[in-house]
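# Summary of structural features
Residue-level listing of the chains:
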Amino acid sequence: MAVRVSSLTLLARWVTFRAFLIAFGFSETLVSKSFLISFRSTIDLYGAGLLGSLMYIRMLGNSVDSISTDGPKALIKGAAGQPRLLVPVVLVMIYNRWNGILEAEYGFMHLDLIPMLVGFFTYKIATFAQAIEDALTTVVEKKTET
């Protein structure tokens, strides 16, 4: 027997999930800054990746919001969210060009790709946490129904 979930319930879950992602991203940054204060360049790179992650989440939110509403304005806003897949590509391109031009010719600091990508994929931790919470809630609800 399939369970139908109303669109209002799904929208409410999406809004709380988006708030959870943003709050988790900011708290993750504060915790990492407090533990790794001596590694300034690593934290800066992690922060750059986290900013890319927040941009990605915002574009993803625009795409999801456009699905739930009708009209040409919503479709245009949703289409504008599709370049979200370019965010990690842009981070890698910044890394490549920075180390190829600015570091070599002008002596700027060296960038490392790993802290940038770890910062970018921080939102995945929040996604997994939310999925586990939803799964546990579903299991508890099914047990109470029987």
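Located above this text is the structure these notes cover.
A brief structural summary. (Residues numbered from 1 in each chain as written. Predicted model: local features only at pLDDT ≥ 70, side-chain atom pairs only at ≥ 80, totals over all residues. Heavy atoms only, no water.)

## A look at helix α6 (residues 122-145)
- An ideal rise of 1.5 Å per residue puts 34 Å on 24 residues; α6 measures up with 36 Å between its terminal C-alpha atoms.
- Within α6 the residues assigned to the buried category are Thr122, Tyr123, Ala126 and Gln130. (Helix = DSSP H or I, 4+ residues; strand = E, 2+ residues; numbered from the N terminus. Expected span 1.5 Å × (residues − 1). Buried < 20%, exposed > 50% of the residue type's maximum accessible area, 1.4 Å probe, protein only.)

## Observations regarding the environment of Val15
- As for its placement among the helices and strands, Val15 is situated in helix α1 (residues 7-35).
- According to the relative accessible area criterion, Val15 is partly exposed, its value standing at 43%.
- Sequence separation between Val15 and Asp65 is 50 residues, and the spatial gap between their C-alpha atoms is 9.8 Å.

## Here's the deal with the nonpolar core
- If you look at the biggest cluster of nonpolar residues, it comprises 9 residues: Leu45, Tyr56, Ile57, Val87, Leu91, Leu111, Met116, Phe120 and Tyr123.
- Where this core is concerned, the elements lending two or more residues are α2 (40-68), α4 (86-106) and α5 (113-120).
- At 3 residues, α2 tops the list of elements feeding residues into this core. (Core = buried A, V, L, I, M, F, W, Y, C linked by side-chain atoms within 4.5 Å.)

## Considering α4
- At Trp98, α4 shows its maximal bend, which comes to roughly 40 degrees.
- Among the residues of α4, those classed as buried are Val87, Leu91 and Asn99.
- At the exit of α4 stands Gly107, carrying a positive phi of roughly 75 degrees. (Bend = angle between axes of the 7 residues up to and from the residue.)

## Side note on the side chain of Asn99
- Mapped onto the secondary structure, Asn99 falls in helix α4.
- According to the relative accessible area criterion, Asn99 is buried, its value standing at 14%.
- Excluding its chain neighbours within four sequence positions, the residues that come into contact with Asn99 are Ala104, His110 and Leu111. (Contact = heavy atoms within 4.5 Å.)

## Some details on the side chain of Arg84
- Take Arg84: it is sitting in the loop between α3 (72-80) and α4.
- Overall, the relative accessible area of 14% leaves Arg84 in the buried class.
- When neighbours within four sequence positions are excluded, Arg84 is seen to be in contact with Tyr56, Met59, Leu60 and Ser63.

In short, shape yes, function no, at least from these values alone.
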